[in-house]
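# Residue-level structure breakdown
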Amino acid sequence: MTTVFRRSALPGFSLTMGYTVVYLSLLVLIPLATLVLKTAELSPSELWTLATSKRALASYEITFGASFIAALVNVVFGTVVAWALNRYDFPGRGILDALVDIPFALPTAVSGLAITAVLAPTGWIGRFLTPLGIKAVFTPLGITLALVFIGLPFVVRTVQPVLQDFDREIEEASATLGASRRQTILRVMLPALAPSVATGVALAFARAVGEYGSVIFVAGNMPFVSEIAPLLIVTRLEEFDYAGASAIATIMLAISFAALLAINLVQAWSRRRFGDV
């Protein structure tokens, strides 16, 4: 018997791998390597002094704290939105589905101006918060709300396909066996959704940490109060303090990488643990 080998119409491994390495090197590896090399010019003591100044530590706390809280909020409400869009048919469903992607399409400056206008003391939401003594603009609360806005689509769009592919017969079997709705959600559906939810958290958190345009308007940019780390980097560059900017950027890179690595490990564990559910 003669075996016939057909040449694939698509590029082979060598070509595609070569393009992949070159593309990632130009866009990711080389810029990051340049940053690391620039920081390497500093002595360990200088790097530590610049990266751990009181102003820098305050900006880290605001940036990563608000990003983490926003990611947790989006886990809950993003999953609920994905559930509603996938499981129910109601008038205006297509419009709501399209609205989820608005943070993707809007320029970040437009998003920041819109959020500031809504949360301002005279805004649609701010006018109800002011009598309660809640100040949403120029505070960490406003930063967190802005990050919730820009991170919501990442959770919805990662959870939605899993819900679409989920076999409803499994839910019916669970109910037939006497499980309550709560037991079905916690023991049947949640394990299946865990990997996609972890992915959504990682994407929303990473997006929030690096957000700049939509936050600077609502933050007020007051040191030790509402100054985010990306803005502090820009401030250092405007002051021609390249060493200080590189030090803060390197610390942010290291913390972001560690956080994403931890989330990816949790995601991999979830897939191994619940992959056969």
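Scoring rules and cut-offs
Residues numbered from 1 in each chain as written. Predicted model: local features only at pLDDT ≥ 70, side-chain atom pairs only at ≥ 80, totals over all residues. Heavy atoms only, no water. Helix = DSSP H or I, 4+ residues; strand = E, 2+ residues; numbered from the N terminus. Buried < 20%, exposed > 50% of the residue type's maximum accessible area, 1.4 Å probe, protein only. Phe/Tyr/Trp six-rings, centres within 6.5 Å; stacked < 30°, edge-to-face > 60°. Lys NZ or Arg CZ within 6 Å of the ring centre and 35° of its normal. 1 Å grid on protein atoms, 1.4 Å probe; cavity = no way out; pocket = protein on both sides within 12 Å on 5 of 7 lines; lining within 4 Å. Points joined across faces, edges and corners; volume = space filled by probe spheres on them. Axes fitted to C-alpha atoms, helices over the stretch in contact; angles between N-to-C directions. Contact = heavy atoms within 4.5 Å. Nonpolar A, V, L, I, M, F, W, Y, C, P; charged D, E, K, R; others polar. Expected span 1.5 Å × (residues − 1). Bend = angle between axes of the 7 residues up to and from the residue.

### Some thoughts on unusual backbone geometry
The phi torsion at phenylalanine 224 lies on the positive side, around 70°, for a residue other than glycine. Within the secondary structure, phenylalanine 224 sits in the loop between α11 (213-219) and α12 (229-238). By relative accessible area, phenylalanine 224 is classed as exposed at 52%. Not every positive phi belongs to a glycine, and phenylalanine 240 is a case in point at roughly 60°. By the secondary structure assignment, phenylalanine 240 is in the loop between α12 and α13 (242-274). Its relative accessible area of 64% is what places phenylalanine 240 among the exposed residues.

### Considerations on the packing of aromatic side chains
Under the counting rule described, the total for this entry stands at three aromatic pairs. Consider the rings of phenylalanine 64 and phenylalanine 205, whose centres lie 6.5 Å apart with planes at 35°: the pair is tilted. Residue phenylalanine 64 is found in helix α3 (residues 54-87), and its partner phenylalanine 205 is found in helix α10 (residues 181-209); the two are separated by 141 residues along the sequence. Given the relative accessible area of 12%, phenylalanine 64 is considered buried. The exposure class assigned to phenylalanine 205 is buried, which follows from its relative accessible area of 7%. With 6.4 Å between their ring centres and 75° between their planes, phenylalanine 240 and tyrosine 242 make a pair best called edge-to-face. Judged by relative accessible area, which is 42%, tyrosine 242 ranks as partly exposed. The ring centre of tryptophan 83 lies 4.7 Å from the NZ or CZ of arginine 87, which sits over that ring.

### A few points about empty space enclosed by the protein
Think of a ball as big as a water molecule: rolled over the atoms, this probe shows where empty space is left. This model, assessed by the stated rule, comprises one cavity of 30 Å³ or more. Of the voids in this model, the largest cavity is the one considered here, and its volume is about 40 Å³. The wall of the largest cavity is formed by Thr63, Ser67, Ile143, Leu147, Ala208, Val209, Glu211, Val215, Ile228 and Pro230. At the level of elements, α3, α8 (140-165) and α10 are the ones that each hand at least two residues to the lining of the largest cavity.

### What about the packing of α3 against α12?
Relative orientation of the contacting elements α3 and α12 amounts to 145°, with a least axis distance of 8 Å. Residues Arg55, Ala56, Ser59, Tyr60 and Thr63 of α3 pack against Ala229, Pro230, Leu232, Thr235 and Arg236 of α12. When its residues are assigned to classes, the contact of α3 with α12 shows five nonpolar, three polar and two charged.

### As for α3
The end-to-end C-alpha distance of α3 is 49 Å, a good match for the 50 Å that 34 residues give at a rise of 1.5 Å each. The largest bend in α3 amounts to roughly 30° and is located at valine 75.

### A few points about the environment of alanine 58
If you trace the backbone, alanine 58 turns up in helix α3. Spatially, the C-alpha atom of alanine 58 lies 7.8 Å from that of glutamate 227, the residues being 169 residues apart in sequence.

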